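Per-entry structural report
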Amino acid sequence: MSYIELKQVSYQYPLASEWALNDVTYSFEKGKLYGIIGANRGGKTTLCNLVRGFIPHFYQGELMGQVLIEGKDIREWENHQLSTEIGYIFQNPFSQISGVKETVFEEIALGLENLGVDKDEMIERTIQVVKWLKLEDLIKKNPNNLSGGQRQRVAFASIIVMNHDILVIDEPTSQLDPSSTAEVFEIIHMLKEQKKTILLVEHKVELIAEYADEVLVFEKGQIASYGSPADILSRKDLMERGISIPSVALLGHEMREKNMAMDSIPITKSQALEQILKGGKNDD
Ligand SMILES: Nc1ncnc2c1ncn2[C@@H]1O[C@H](COP(=O)(O)OP(=O)(O)OP(=O)(O)O)[C@@H](O)[C@H]1O
Ligand SMILES: [Mg+2]
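Read on for a plain summary of the structure. What you are looking at is a predicted structure, and each value in this text was computed from that prediction instead of being measured.

Examining the overall build of the chain
Counting secondary structure elements, the chain contains 12 helices and 10 strands. Taking 284 residues into account, the globule formula puts the C-alpha radius of gyration at 19 Å, and the chain, at 20 Å, falls close to it. Counting the 284 residues in the chain, one finds 49% classified as buried. Put simply, 61% of the contacts in the chain that link residues at least 6 apart link residues at least 24 apart.

Quick look at the coordination of the magnesium ion (ligand 2)
Each protein donor to the magnesium ion (ligand 2) is listed here as Thr45 (OG1) and Gln91 (OE1); together their distances run 2.0 to 2.2 Å. Of this pair, Thr45 sits in helix 1 (residues 44–51) while Gln91 is found in the loop between strand 6 (86–89) and helix 4 (104–115), placing the two residues 46 residues apart along the sequence. Classification of Thr45 by relative accessible area gives partly exposed; the value is 26%. Under the relative-accessibility criterion, Gln91 is labelled partly exposed at 33%.

Quick word on helix 5 (residues 119–132)
Helix length check: helix 5 (14 residues) gives 20 Å between terminal C-alpha atoms against 20 Å at 1.5 Å per residue, within 8%. Listed in full, the buried residues belonging to helix 5 are Met122, Thr126, Val129 and Val130. Along the axis of helix 5, the buried residues cluster in a sector spanning 105 degrees; they form a single face. In helix 5, the exposed positions angled more than 90 degrees off the buried face are occupied by Asp120, Glu124 and Lys131. Residue Lys134 follows helix 5 closely and has a positive phi angle near 50 degrees.

With respect to the site of ligand 1
Lining the immediate environment of ligand 1, one finds 14 residues, of which Arg41, Lys44, Thr45, Thr46 and Gln91 sit closest. Lys44 places a polar side-chain atom, nitrogen or oxygen, 2.7 Å from an oxygen atom of ligand 1. Note that an oxygen atom of ligand 1 is positioned 2.9 Å from one of the side-chain N or O atoms of Gln91. Within the complex, 70% of the 630 Å² of free accessible area of ligand 1 lies under protein.

Quick notes on the pairing of strand 3 (residues 33–38)
Within strand 3, 6 of the 6 residues are buried, which leaves the element mostly enclosed by the surrounding structure. Here strand 3 shows a buried face lined by Leu33, Gly35 and Ile37 and a second buried face lined by Tyr34, Ile36 and Gly38. Sheet topology note: the strand 3/strand 8 (residues 197–201) ladder contains 4 bridges and is parallel. Bridge pairing links Gly35 to Leu200 in strand 8. Pairing geometry for strand 3 and strand 9 (residues 214–219), over 5 bridges, is parallel. If you follow Ile37 over to strand 9, its bridge partner there is Val217.

Here's the deal with the sheet that holds strand 6
Ordered in space as 6-7-8-3-9-10, the 6 strands form an open sheet in which the pairing is mixed. Edge positions in the open sheet fall to strand 6 and strand 10 (222–227), since each of these has one partner strand only. Neighbour to neighbour, the strand axes of the sheet diverge by 15 degrees on average, direction disregarded. Both strand 7 (residues 166–170) and strand 8 contribute to a ladder of 5 bridges, which runs parallel. Bridging across to strand 8, Val168 finds its partner in Leu199. Where helix 7 (residues 178–193) meets the sheet, its contacts fall on strand 3, strand 7 and strand 8, and the angle it forms with strand 8 comes to roughly 150 degrees.

Some remarks on the pairing of strand 1 (residues 4–12)
When strand 1 meets strand 2 (residues 21–28), the two strands line up antiparallel, connected through 5 bridges. Along strand 2, the bridge assignment pairs Tyr11 with Leu21. Bridge count for strand 1 against strand 4 (residues 62–69) is 7 bridges, and the pairing is antiparallel. Across the sheet, residue Ile4 finds its bridge partner in strand 4, namely Ile69.

Scoring rules and cut-offs
- Residues numbered from 1 in each chain as written.
- Chains lettered and ligands numbered in written order.
- Predicted model: local features only at pLDDT ≥ 70, side-chain atom pairs only at ≥ 80, totals over all residues.
- Heavy atoms only, no water.
- Helix = DSSP H or I, 4+ residues; strand = E, 2+ residues; numbered from the N terminus.
- Rg over C-alpha atoms; globule rule 2.2 N^0.38 Å.
- Buried < 20%, exposed > 50% of the residue type's maximum accessible area, 1.4 Å probe, protein only.
- Contact = heavy atoms within 4.5 Å.
- Donors = N, O, S within 2.8 Å, 3.2 Å for Na, K, Ca; no water.
- Expected span 1.5 Å × (residues − 1).
- Arc of directions from axis to C-beta.
- Near = heavy atom within 4 Å.
- Polar contact = N/O pair within 3.5 Å; in protein donor to acceptor, adjacent residues only side chain to side chain.
- Areas by Shrake-Rupley, 256 points an atom, 1.4 Å probe, with all protein chains shown as cover.
- Pairing = 2+ DSSP bridges.
- Axes fitted to C-alpha atoms, helices over the stretch in contact; angles between N-to-C directions.

Structure, rendered in structure tokens:
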């Protein structure tokens, strides 16, 4: 049984003239990290809304086909059950902040408070997440007075603290500088090691190349391609469709065009280095 399964799913938002998802079939397995990429308006956030059950529980519109979470149809799941099963980090961090808490610390703890977690445990888990995400300087601030990047990190923390088995993470680094981006990705890496099932929408393909088990390319509401990161992210033709591939993969293609021997197109820096060093040896 697949953990999360989409069977011929089509969905149209209310009053929309086009289908946001159009006949999507895919099985997500437990414990894997799925990198989801694709041009704007391709349907990535809609997929997230669907897996988390916001479609159909919050968004009306027309839903066809079946979405099964642990074998049970999304229509049959209660929203509060889904919220304990699946953590969702929104694309827009401004919509994630509750607005009811006066400090970042309380904001991060809010989900645990709602679950009725015992106070000592709540504090302990919140402190741990604050450390992981290096948010010590922010904990006394008012969540409403944070910058976009700070909000994004707080929103991330407020979900991570809940320790869900399934995480749906929509562009978690869009507002972050390179060093905070690297920190968020270290945490995602750690969650992967903990065998969480992760759907990660992210434009920074270097990071997808490093961590994803499978990559899905969304285009016009459909899965245009899917496969291993090595297969998908080495494809130069994706560039013509507005999807970037890692710069080392482009370098690999250029080297191949100049008739340099390459076993395969690298997608990470370490793979590129390995190929280059090997090439050097062959010339000896
Ligand atoms: N709340 C909404 N109401 C109506 N239409 C919507 C809504 N959200 C998205 N859409 C439409 O659904 C389609 C898919 O959008 P979606 O936001 O899922 O794409 P995306 O791949 O996440 O894009 P981006 O990279 O810009 O975040 C688009 O045509 C979009 O205009
Ligand atoms: Mg989106």
